[in-house]
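# Structural overview for review
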Amino acid sequence: GNGELTAMSPSAPLNEDLMQALVGKHPELITDDDGDLLLIRREQPIADSSEANGRWSLDHLFVTKTGVPVLVELKRAVDTRLRREVVGQMLDYAANATAYWQAGRIAEAFSKTTAAAGKDPDEVLAAFIEDKDPADFWAQVDANFTAGRVKLVFVADTIPSELARIVEFLNDQMRADVRA
């Protein structure tokens, strides 16, 4: 405001909860060619059977404007699970979510999340999808999930080279888009 600049230096996040809050509030931090992301829910439950409600909890679930579900798992670089365990964790989430999520569950989670934030879900969705039909959009999200067309995103303050190599390998081998 007064024309002055404040020098900033990079620093590690204080904790994973703060990282999650930042990504939830500013999803542009993790976007690439997909453009804007719509937050469906933070701490999205993932079931491990068709009868279960949720065994695990995904850090964030977003969708792209083209209806591709984006599964996000965050870890701090100081967390030793960042290298191998987080990959197995994400694959558990993706495999079970695509197998057991029922049609309409993502739209329902979005409505609850948005309403809990004091916003109108219909207005938020309309601003995000612009001239698309909401029913068609949610049908595309469900179809993408069922077909395994998802994006898996690993977020950390520093991506170790071992994780970067695993992500490259998975991207070459899988239908899903995998990023770090």
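Each remark here, short or long, concerns the structure printed above.
The text that follows walks through the structure, step by step, so that each part is easy to find. Only a predicted model underlies this, so the values are computations on that prediction, with no experimental measurement involved.

### Overview of the sheet that holds strand 4 (residues 151–156)
- Spatially, the 5 strands line up as an open sheet ordered 1-2-3-4-5, and their pairing is mixed. The sheet terminates laterally at strand 1 (37–46) and strand 5 (177–179), the two strands that pair on one side only. For this sheet, the mean angle separating the axes of adjacent strands, direction not counted, is 25 degrees.
- When strand 2 (residues 56–64) meets strand 3 (residues 69–75), the two strands line up antiparallel, connected through 4 bridges. Following the sheet pairing, Phe62 is matched in strand 3 by Val70.
- Contacting strand 1, strand 2, strand 3 and strand 4, helix 1 (residues 16–25) runs over the sheet at an angle of about 20 degrees to strand 2.
- Most of the contacts of helix 2 (residues 85–100) go to strand 3, to which it runs at about 155 degrees, and overall it touches strand 1, strand 2, strand 3 and strand 4.

### Quick word on the nonpolar core
- Membership of the largest hydrophobic core comes to 33 residues, with the highest contact counts inside it found for Ile40, Leu71 and Trp138.
- Contributions of two or more residues to this core are made by strand 1, strand 2, helix 2, helix 3 (105–116), helix 4 (121–129), helix 5 (134–147), strand 4 and helix 6 (161–173).
- If you tally residues by element for this core, the top one is helix 2, at 6 residues.
- Dropping the residues within four chain positions of it, Ile40 is found in contact with Leu61, Phe62, Val63, Ile106, Ala109, Phe110, Thr113 and Trp138.
- Counting 10 residues, the second largest nonpolar core, distinct from the first, contains Ile30, Phe62, Val70 and Val153.

### Re the packing of aromatic side chains
- Under the definition given, this model contains 4 aromatic pairs.
- Note on Trp56 and Tyr93: the rings are 6.2 Å apart at their centroids and 50 degrees apart in plane angle, and the pair reads as tilted. Note that Trp56 is positioned in strand 2 and Tyr93 in helix 2, a separation of 37 residues in sequence.
- Relative to Trp138, the ring of Phe137 lies with its centre 5.1 Å away and its plane at 65 degrees, an arrangement referred to as edge-to-face.
- Its relative accessible area of 12% is what places Trp138 among the buried residues.
- Across from the ring centre of Phe128, 5.5 Å away, lies the NZ or CZ of Lys65, which sits over that ring.

### Regarding the pattern of salt bridges
- Tallying each qualifying case throughout the model produces 9 salt bridges.
- When the shortest N-O distance is used, the salt bridge between Asp32 and Lys151 registers 2.6 Å. A residue pair is termed long-range when its members are at least 10 positions apart, and Asp32 in the loop between helix 1 and strand 1 and Lys151 in strand 4 qualify at 119 residues.
- Assessed through its relative accessible area of 4%, Lys151 is described here as buried.
- With its nearest N and O atoms 3.3 Å apart, the salt bridge here joins Glu108 to Lys112.

### Considerations on a nonpolar patch on the surface
- A contiguous nonpolar surface patch, about 410 Å² in accessible area, is contributed by Leu14, Leu18, Leu22 and Leu29.
- Within the element layout of this structure, Leu29 appears in the loop between helix 1 and strand 1.
- For Leu29, a relative accessible area of 59% gives the class exposed.

What counts and what doesn't
Position labels on residues start from 1 in each chain and follow its written sequence. In view of the model being predicted, local features appear only for residues whose pLDDT reaches at least 70, and side-chain atom pairs are presented and counted only at 80 or more, with totals across whole chains, interfaces and linings using the full set of residues. Hydrogen atoms and water are omitted, and side-chain values are computed over all heavy atoms in the structure. Only strands joined by at least two bridges in the DSSP assignment are considered to pair. Put simply, DSSP marks the helices as runs of H or I at least four residues long and the strands as runs of E at least two long, and each gets a number from the N terminus on. Under this scheme, a helix contributes an axis fitted over its contacting stretch, all axes are lines through C-alpha atoms, and angles between N-to-C directions fall in the 0 to 180 degree range. Residues are treated as being in contact if the distance between any of their heavy atoms lies within 4.5 Å. In plain words, nonpolar cores are sets of buried Ala, Val, Leu, Ile, Met, Phe, Trp, Tyr and Cys residues tied together by side-chain atoms within 4.5 Å. Exposure is judged per residue with a 1.4 Å probe applied to protein chains only, and the accessible area is read against the type maximum: over 50% gives exposed, under 20% gives buried, and values in between give partly exposed. For Phe, Tyr and Trp, rings pair up if their centres lie within 6.5 Å, where Trp contributes its six-membered ring, and each pair is then called stacked (planes under 30 degrees apart), edge-to-face (over 60) or tilted (otherwise). A ring is considered to have a charge above it if a Lys NZ or an Arg CZ atom is located within 6 Å of its centre and within 35 degrees of its normal. A side-chain nitrogen of Lys or Arg and a carboxyl oxygen of Asp or Glu constitute a salt bridge if their distance falls within 4 Å. Nonpolar side chains (Val, Leu, Ile, Met, Phe, Trp, Tyr) within 5 Å and like charges within 9 Å form the patches, drawn only from residues with over 30% relative accessible area and no salt bridge. Using a 1.4 Å probe, the Shrake-Rupley method yields the accessible areas, and only the shown protein chains count as cover for residues.

The values are spatial; any link to function lies outside them.
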